[in-house]
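Descriptive analysis of the structure
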Amino acid sequence: MKENSEASRRGFIKKLATTAAAVTAGSSLLAADKHSFHYLKQKYNQYGPNDQVNIALIGAGGMGTQDAIVALQVPGVKLVAVCDLYDGRLNEAKTRWGADIYTTKIYKEILNRKDIDAVIIATPDHWHQQISVDAMHAGKHVYCEKPMVHSVAEGPAVIKAQKETGKIFQVGSQGVSSLGNEKAHELLKSGAIGELNYAEGFWARRAPVEVWQYPIPEDASAQTVDWETYVSNTQKRPFDSKRFFRWRNYTDYGTGMAGDLFVHLFSSLHFITGSMGPNKIYASGGLRYWNDGREVPDVLLGTFDYGKTVAHPAFNLSLRCNFVDGTSGTTYLKLVGSEGSMDVTWDSVTLKRNKVIASDDPFYIEKMRKAGQSDSGRKHILPPEEITFNAEKGYLGGPYDHMNNFITAIRTNGKVAEDAIFGYRAAAPALLCNDSYYKNTPMFWDPEKMKMAK
Ligand SMILES: NC(=O)c1ccc[n+]([C@@H]2O[C@H](COP(=O)([O-])OP(=O)(O)OC[C@H]3O[C@@H](n4cnc5c(N)ncnc54)[C@H](O)[C@@H]3O)[C@@H](O)[C@H]2O)c1
């Protein structure tokens, strides 16, 4: 394996050297690396007239609605039913998709319908496992939003249901199907950044609606919301509109910053590196500003140790999220190796290679001067420093590719990018990050066996 990666690294360097030579020879190919783009392209399968896929949406809030809109862009997909616990969402669904759409507050009614092939599950996290398992046993293919489960203990049941039923099951971290992630995977494999040793990602947010203080509808009440069902699989409490419409802030329903955001980075990182996950997880953070009754921190840092495997060398990951950040903007994912780094998004990769230049270390310069070897002042030819690979204009994006990947797998009985095992391996370190924060201790995980290690 080492030899293979060494060979491909040499191949990449050779390619890069050829390109650099072309630049010095006056070719326009990379004449201005920073200004020229390497376009990423995507190909899609055609579908036949008998390939219509009927879908239903369970959880028709912000993301569920987006998922359904994207699914309907895939040729041959029809939305036939929508389930939600709040009247307002069901009314919106009829307004958006027509009065013919069947609506209900009882998800089992959707599962009992014979004309539905697949369901999108976009409820709050505490319902993902149960609805996924019930749906697969009812013969439905499932697209379940991330994180796949609400706690580490819930994962094996979903994997078991997928194995037993043979249904197509995809978790909704769209990045893994994107051109950007695909390119990053290819570049890492070819040795573009040398040996991976570190990765990092962060989110910075500030606006109330971005940090989960969503508006609460004026008509929110126990009459318009099926609260009994909402809390039926967790602690019973009297109706509380904040706990329903701002569910991310409460641990009974949401999974905090780690389950909501870090999980995307685990999915992408695992796809790019071929990793199964970290074996040590440590978190710290605190509630610094948003004292609005939330039970989750608004600043969270996580560090994750990845052991050496056949797929990758040992490396460290640092993730952070700040909901009181007024300045630093938001970044996605960076992978750092011995010879360069990559900034990865869903539709671009910026590859930076370390340049070879004379040292500016004053001690070194003084030492060289004393030895009579001061810099002649002549400038050097530099190797390429930065290349950006951008998606071709008109690219439909990671969300489309991910949904198309799911629908294509249904039609061809094929494979998805993010099945239950992949989804669990991405969710577990995120959920353990929360456990580490609340217990104030590192968590040890066996990513291969998908079990706690201590
Ligand atoms: N992949 C992504 O980029 C992404 C982005 C945002 C959200 N999400 C995920 O999507 C899910 C939904 O998030 P959201 O932002 O759309 O939240 P939301 O509050 O806007 O929507 C959730 C909806 O689920 C309904 N609901 C609650 N319990 C239900 C049940 N038992 N049966 C049927 N409906 C139920 C609610 O009434 C609400 O309309 C979460 O798991 C979240 O992590 C993913």
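Our subject is the structure that appears above.
In what follows, the accompanying structure is described. Every chain is numbered independently, its residues counted from 1 as its sequence is written. Where totals are concerned, whole chains, interfaces and linings use all residues; where local detail is concerned, this predicted model gives features only for residues with pLDDT of at least 70, and gives and counts side-chain atom pairs only at 80 or more. Only hydrogens and water are removed before side-chain values are computed, so all heavy atoms of the structure are retained for them.

Quick word on the side chain of D298
Our working rule: What counts as a helix is a DSSP run of H or I of at least four residues, what counts as a strand is a run of E of at least two, and both are numbered from the N terminus. Only protein chains enter the accessibility calculation, which uses a 1.4 Å probe; a residue whose area is less than 20% of its type maximum is buried, one above 50% is exposed, and one in between is partly exposed. All tallies of charge rest on Lys and Arg as positive and Asp and Glu as negative; His and the ends of each chain are not included. Each salt bridge in this description consists of a side-chain nitrogen of Lys or Arg and a carboxyl oxygen of Asp or Glu lying within 4 Å of one another. Contacts between residues were defined by any pair of non-hydrogen atoms, one from each residue, lying within 4.5 Å.
The residue D298 is located in the loop between β9 (280-286) and β10 (299-306) in this model. Lacking a salt bridge, the buried D298 has R288 as its closest oppositely charged neighbour, with an N-O distance of 5.4 Å. Not counting chain neighbours up to four residues away, the residues in contact with D298 comprise M257, G286, L287, R288, Y289, W290, C321, N322, F323 and V324.

Description of the packing of helix α2 (residues 62-73) against helix α12 (residues 398-412)
When two helices pack together, their arrangement is given by the angle between the helix axes and the distance between those axes. Keep this limit in mind: Axis definition: a line fitted to C-alpha atoms, limited for helices to the stretch in contact. Angles are taken between N-to-C directions and run from 0 to 180 degrees. Oblique is the label for any angle not under 35 degrees, not over 145, and not in the 65 to 115 range, which are roughly parallel, roughly antiparallel and roughly perpendicular in turn. Left-handed is the label given to a crossing in which the near helix is rotated counterclockwise from the far helix by less than a right angle, and right-handed is the label when the rotation is clockwise. Think of it as three bins: nonpolar holds Ala, Val, Leu, Ile, Met, Phe, Trp, Tyr, Cys and Pro, charged holds Asp, Glu, Lys and Arg, and polar takes everything else, Gly as well.
α12 packs onto α2 with a crossing angle of 70 degrees between their chain directions and a minimal axis gap of 9 Å. In terms of orientation, α2 and α12 fall into the roughly perpendicular class. Relative to α12, the crossing made by α2 is right-handed. Here D67, V70, A71 and Q73 of α2 come into contact with α12, specifically with P399, Y400 and M403. Split into classes, the residues belonging to the contact of α2 with α12 amount to 5 nonpolar, 1 polar and 1 charged.

Comments concerning helix α3 (residues 87-97)
For α3, the set of buried residues is G88, L90, A93 and W97. Looking at the packing, one finds that the buried side of α3 touches β2 (53-58), α2, β3 (77-83) and β4 (102-104). Looking at the residues trailing α3, positive phi occurs at G98, about 105 degrees.

What about the side chain of T273?
Filter applied, for reference: Identification of polar contacts relies on pairs of N or O atoms within 3.5 Å, with a donor-acceptor requirement for protein atoms, meaning one able to donate a hydrogen and the other able to accept it, and with residues adjacent in sequence counted only if both atoms are side-chain atoms.
Note on placement: T273 falls in helix α10 (residues 256-273). Within the local environment of T273, its side chain forms a polar contact with the backbone oxygen of L269, the two atoms lying 2.7 Å apart. Beyond its immediate stretch of four places on either side in the chain, T273 contacts L188, L196, A311, H312 and L335.

Considering the nonpolar core
For clarity, the threshold we go by: Residues belong to a common nonpolar core when they are buried Ala, Val, Leu, Ile, Met, Phe, Trp, Tyr or Cys residues joined through side-chain atoms within 4.5 Å.
The biggest cluster of nonpolar side chains holds 82 residues, and the ones touching the most others in it are V119, F262, L335 and M342. Residues V53, L79, I101 and I407 belong to the second largest nonpolar core, which totals 26 residues.

Digging into the site of the ligand
We count it as follows: Put simply, a residue is near a molecule or strand once any heavy atom of it comes within 4 Å of that molecule or strand. Areas reported as accessible are Shrake-Rupley estimates using a 1.4 Å probe. Residue values count occlusion only from the protein chains shown.
Neighbouring the ligand are 26 residues; M63, D84, D125, H128 and W247 lie closest to it. One nitrogen or oxygen atom from the side chain of Q174 is found 3.0 Å from an oxygen atom belonging to the ligand. Within the side chain of H264, a nitrogen or oxygen atom sits 3.3 Å from an oxygen atom of the ligand. In isolation the ligand offers 840 Å² of accessible surface; the protein chains occlude 91% of this area. Residue assignment for the shell around the ligand shows that the elements contributing at least two residues are α2 and α10. When the residues that make up the shell around the ligand are grouped by side-chain class, the tally is 11 nonpolar, 8 polar and 7 charged.

Section: the pairing of strand β16 (residues 443-446)
Side-chain positions along a regular strand alternate between the two faces of the sheet. Selection criterion: Only strands that DSSP links by at least two bridges are regarded as paired with each other.
The side-chain alternation of β16 yields one buried face, formed by M443 and W445, and one unburied face, formed by F444 and D446. In terms of strand pairing, β9 meets β16 through 2 bridges, oriented antiparallel. Residue pairing for β16: K280 is matched across the bridge by F444. Examined bridge by bridge, β16 and strand β17 (residues 451-452) share 2 bridges and lie antiparallel to one another. Across the sheet, residue W445 finds its bridge partner in β17, namely M452. Counting the residues that bridge the hairpin from β16 to β17 gives 4 residues, and of these M450 lies at a positive phi of roughly 55 degrees.

Thoughts on unusual backbone geometry
Note the cis peptide between K146 and P147, where omega equals -15 degrees. With respect to the element layout, P147 can be found in the loop between β6 (141-144) and α6 (155-165). Its identity as a non-glycine residue notwithstanding, W212 has a phi of 85 degrees, on the positive side. When its relative accessible area of 1% is taken as the criterion, W212 is described as buried.

Points about the pairing of strand β13 (residues 340-344)
Among the 5 residues that make up β13, 5 are buried, leaving the element largely enclosed by the rest of the structure. Burial along β13 is two-sided: G340, M342 and V344 and S341 and D343, pointing in opposite directions, are all buried. Relative to β13, strand β12 (residues 333-337) runs antiparallel, the two sharing 5 bridges. When the sheet's bridge partners are listed, L335 is paired in β13 with M342. Here β12 folds back onto β13, and the loop between the two strands holds 2 residues. Bridge count for β13 against strand β14 (residues 348-353) is 5 bridges, and the pairing is antiparallel.

Regarding the sheet that holds strand β7 (residues 169-171)
Adjacent strands of a sheet form backbone hydrogen bonds with each other and so pair up, either parallel or antiparallel. In space, the 6 strands of this open sheet follow the order β4-β3-β2-β5-β6-β7, with parallel pairing throughout. A single partner strand is all that each edge strand has here, and the edge strands are β4 and β7. Along the sheet, successive strands turn relative to each other by an average axial angle of 20 degrees, direction set aside. As paired elements, strand β5 (residues 118-121) and β6 share 4 bridges and run parallel to each other.

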